[in-house]
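# Results of the structural survey
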Amino acid sequence: MALKIETYSNAKGGNSFFKALGHPLSVALATALLEKLHAAGGVAIYDPLGMIEGFAEFYPLAGLDVRGVYVQRLEDLTQSRLGLATLPVSELAHSDAATLLVAAFDAGRFVDHIRHLLPTGMTVVSLDDMRLPDAMLTNPRRYLDPLNFATNFGFLRDTATQHTRIVSCDYWSGLGAVQLPRVWLMLFDTQGQVLVQWEEAIAAPGASLIIDSQAVRQRFSLGEFTGTLYMHVLGVARHDVVKYALDTYGNDDTVLSCTHDANAWPSDLFAGLPAPRDDESVVMWIQNSHPVPIPLGAVGLNLMGSDEIRTVPETIAPFACYALDVASLFPEARWPQQLEVQAGRYFVRPRYEIQVKHGRSRMAHVNVERNDLVADAGIPRMADYLGKGYILPAPILPVAHWHSELQPTPMSTAQQNLPIAAIVYDASGSEVARHSFGCLQRSDSVALDLNALLAGQGATLASGSGHVELVYDFSHGGSADGWLHSLCRYTQRSSGHMAETSFGAHVFNTVLTYKNEPQSYAGAAPGLSTRLFLRLGDAPLDTFCHLIYPASTPWHAQSDTQLTLFNRMGQAIAERKIAIPCSGSLHWRYAELFDAETRQRAGDAAYIVIRDLTCRLFGYHGTLHGDTAFCMDHMFGF
């Protein structure tokens, strides 16, 4: 059964209440509050905001002598809470409880309103007893301000042969942070036990933020570890999402991959988990994101389009990190089959790791599957105004060196069919090939070999590389909800090393808007500009970037894109200008655009910000170790 607490709403955004309850430092404070309540005898509960049942999901109230649950809103009198009929708070004066729990943060105002109703001798406590210290809050005056809980979960591992690195930068100083942000960190092992807690200083405005597993292990004299890194950025401005790239690397070329942040909100469902090939194992890392266990059988997998759910036969401890081998639940599943994840709001977006037998490994992530959508009859009708409408752009890496394939992945419970087509563009912006999938059914799992598509249609990419756009195509019927996703998989011809990434569709580069599209990171639609973060690999790795200029309707003929290179202290070192044709792309390398002297001045831990005020670009990044290994994922913006 799913946790009964809201984590994220597509209408309202992220929920700070569950973050406040589940912060690792809140656990001891909440436990002390419960001990006080148990010792008090009879307890009355005042629940003006409807928070008590969410609190009870994390901190069970079993055994507490609850004498009544009181509410403020008359509309709430039709509800029961904690299994009790609710009472109007105006009747609190008749309570025989010794203690009143006000189920709210910043509870002073609520207490002042009812002080005259308190029976003589009644003690008042509230959730303010479990507040974090004010020094950790951006806005102490409003505890549930999302800026107070700029948190996320990282995956961190360090063994004799495998290591991880989390890479980001201070983007909050540029958004108006009053002081340099700080990063509070707690590392848990696979069993959910705390290994170490510390604070990381950000060296200067705009400076790089790098947490390397080898450095952590050495700094704190740790043994080998695998687990969850809880990250809380303190003193942020405007943006409460902690974004980062996650690199996995090893002592040799068999381990090199990159993915990105976990998305800080646990979901009911995830999807896009690929089944293994015959020579592969697929392990999904479940990172329990709460201070409560995941009960036996509460989470599981099913083949996409099937109702048969097979559940995890173990209890997963609070904040533990559990390696779920897909074959342990579905030994018969094989690529290109894909699986749906029944997550029950217990964990954030999980990574999965694919190990080739006696060979290489790679890591990627699944995506949030929405359960709040319905088929949108307006999408087919919008074609006259929005042209191609929703576009999912993905690279076709230089065909001489890479093999590229694409797999559509249903990503909402409303998607019982997917009426889609793939359009291939040369880097110059010219369409060179097109493939109709028809109207796929939810249970269909189809992988499209893009190199074979080009060969089969006698098409070539004159520029050597290009991109593919997955779009809706209603010529065979079907419906759409705008939440179109795909997995894209790439193989380096020289080494056989593989990487994969997945993302969703948006409307791109049109002044007309439809349901908050084209998406904007900074405000209301339309989002018609670009700000992307490109982390750079340290020597001997080179960094590549594949920028795509998708357009639902014709837009500016070329982009006007600026690349600014920063050193690890956030100081601008150099700039370059590039122009990408509309519906085209550009595949480039750090070492090609910035000469050796400039790269030396930038030094290690440098990064690039990609900025364009004329259009919205979509980007993919990766690192390259010659002809022996590479990694790739989509980029993040802020």
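To keep things clear, this report deals only with the structure shown in the data block. For clarity, every value in this text was computed on a predicted model and none was experimentally measured. Once a new chain begins, its residue numbering starts again from 1 and follows that chain's sequence as written. Per-residue local features are limited, in this predicted model, to residues with pLDDT of at least 70; the limit for side-chain atom pairs, both in listing and counting, is 80 or more; totals at the level of whole chains, interfaces and linings are taken over all residues. As a rule here, side-chain values come from all non-hydrogen atoms in the structure, and water together with hydrogens is ignored.

### Digging into helix α2 (residues 26-40)
Numbering of helices and strands runs from the N terminus; a helix is a DSSP stretch of H or I covering at least four residues, while a strand is a stretch of E covering at least two. Each residue after the first adds 1.5 Å to the expected span of a helix. Between its first and last C-alpha, α2 extends 21 Å over 15 residues, near the 21 Å set by a 1.5 Å rise per residue. Throughout, exposure labels follow a simple rule: accessible area from a 1.4 Å probe, protein chains only, divided by the maximum for the residue type, with under 20% read as buried, over 50% as exposed, and the rest as partly exposed. Among all positions of α2, only Ser 26, Ala 30, Leu 33, Leu 34 and Leu 37 are buried. For α2, the angular spread of the buried residues around the axis is 100°, confining them to a single face. For α2, the exposed residues set more than 90 degrees away from the buried face come down to Ala 28, Glu 35 and Ala 39. Residue contacts follow a heavy-atom distance rule, with two residues in contact if any of their heavy atoms lie within 4.5 Å. Against the buried residues of α2 lie α1 (16-22), β3 (43-46), α3 (52-58), β7 (99-102) and β8 (123-126). Two residues or fewer past α2, Gly 41 is found with a positive phi of approximately 85°. Taking the helix axis as origin, the arc is that swept by the directions to the C-beta atoms.

### Looking at the nonpolar core
Here, nonpolar core refers to any group of buried Ala, Val, Leu, Ile, Met, Phe, Trp, Tyr and Cys residues whose side-chain atoms link them within 4.5 Å. Formed by 67 residues in total, the largest nonpolar core has its most connected members in Phe 55, Leu 101, Leu 273, Ile 286, Leu 301, Phe 347 and Tyr 352. Sequence-distant contacts of Phe 55, defined by excluding residues within four places in its chain, comprise Phe 17, Leu 21, Leu 33, Leu 34, Leu 61, Leu 127 and Met 130. Counting 52 residues, the second-largest nonpolar core is a separate cluster that includes Leu 156, Ile 202, Leu 229 and Phe 566.

### What about the packing of aromatic side chains?
Here a pair means two rings of Phe, Tyr or Trp (six-membered ring of Trp) with centres within 6.5 Å. Their orientation is stacked below 30 degrees between planes, edge-to-face above 60, and tilted elsewhere. Across all of its chains, the model carries 23 aromatic pairs by this definition. Between Phe 503 and Phe 618 the ring centres are 4.7 Å apart and the planes differ by 50°, which places this aromatic pair in the tilted class. Taken together, the residues span a long stretch of sequence, with Phe 503 in strand β33 (residues 498-504) and Phe 618 in strand β41 (residues 618-625) at a distance of 115 residues. Across the pair, Phe 618 and Phe 503 agree in class, each one buried. A ring pair is formed by Phe 618 and Tyr 620, whose centres lie 5.4 Å apart and whose planes are at 65°; its orientation type is edge-to-face.

### Some words on the pattern of salt bridges
A side chain of one charge can pair with a side chain of the opposite charge if their charged atoms are brought near each other. Whenever a carboxyl oxygen of Asp or Glu lies within 4 Å of a side-chain nitrogen of Lys or Arg, that contact is scored as a salt bridge. Evaluated as defined, the whole model comprises 34 salt bridges. Between Glu 405 and Arg 277 there is a salt bridge, with its nearest N and O atoms 3.3 Å apart. Residue Glu 405 is found in strand β27 (residues 402-408), and its partner Arg 277 is found in the loop between β17 (269-274) and β18 (280-287); the two are separated by 128 residues along the sequence. For Glu 500, the salt bridge identified is with Arg 489, shortest N-O distance 2.9 Å. With Glu 500 in strand β33 and Arg 489 in strand β32 (residues 485-492), this pair connects stretches of sequence that are 11 residues apart. Here Glu 500 matches Arg 489 in class, with each residue buried. Where salt bridges share partners, they join Asp 47, Arg 73, Glu 75, Asp 76 and Arg 81 into one cluster.

### Here's the deal with the sheet that holds β18
A pair of strands is treated as paired once DSSP finds two or more bridges between them. Reading across from one edge, β21-β18-β23-β24 is the order of the 4 strands in this open sheet, with antiparallel pairing throughout. Whereas interior strands pair on both sides, the edge strands pair on one side only; in this sheet they are β21 (321-325) and β24 (361-365). Put simply, the sheet's adjacent strands are angled 25° from each other on average, direction ignored. Orientation is described by lines fitted to C-alpha atoms, with helices fitted over the stretch in contact, and by angles between N-to-C directions that extend from 0 to 180 degrees.

### So, the pairing of strand β11 (residues 182-188)
Taken across its 7 residues, β11 has 6 buried, putting it largely inside the fold. Taken together, the 7 bridges between β11 and strand β12 (residues 194-201) define a ladder with antiparallel strand orientation. Among the inter-strand pairings, Arg 182 is bridged to a residue of β12, identified as Ala 201. Between β11 and β12, which pair antiparallel in sequence order, lie 5 residues; one of them, Gly 192, sits at a positive phi of approximately 85°. Relative to strand β14 (residues 225-234), β11 is paired through 7 bridges, and the arrangement is antiparallel. When the sheet's bridge partners are listed, Trp 184 is paired in β14 with His 232.

### Some words on the sheet that holds strand β13 (residues 208-212)
Read from one edge to the other, the open sheet built from 4 strands follows the order β13-β10-β15-β16, with strand pairing classed as antiparallel. Single-partner strands in this sheet number two, and they are β13 and β16 (256-260). Neighbour to neighbour, the strand axes of the sheet diverge by 20° on average, direction disregarded. One ladder, built from 6 bridges, connects strand β10 (residues 162-169) with strand β15 (residues 245-250); its direction is antiparallel. When the sheet's bridge partners are listed, Gln 162 is paired in β15 with Gly 250.

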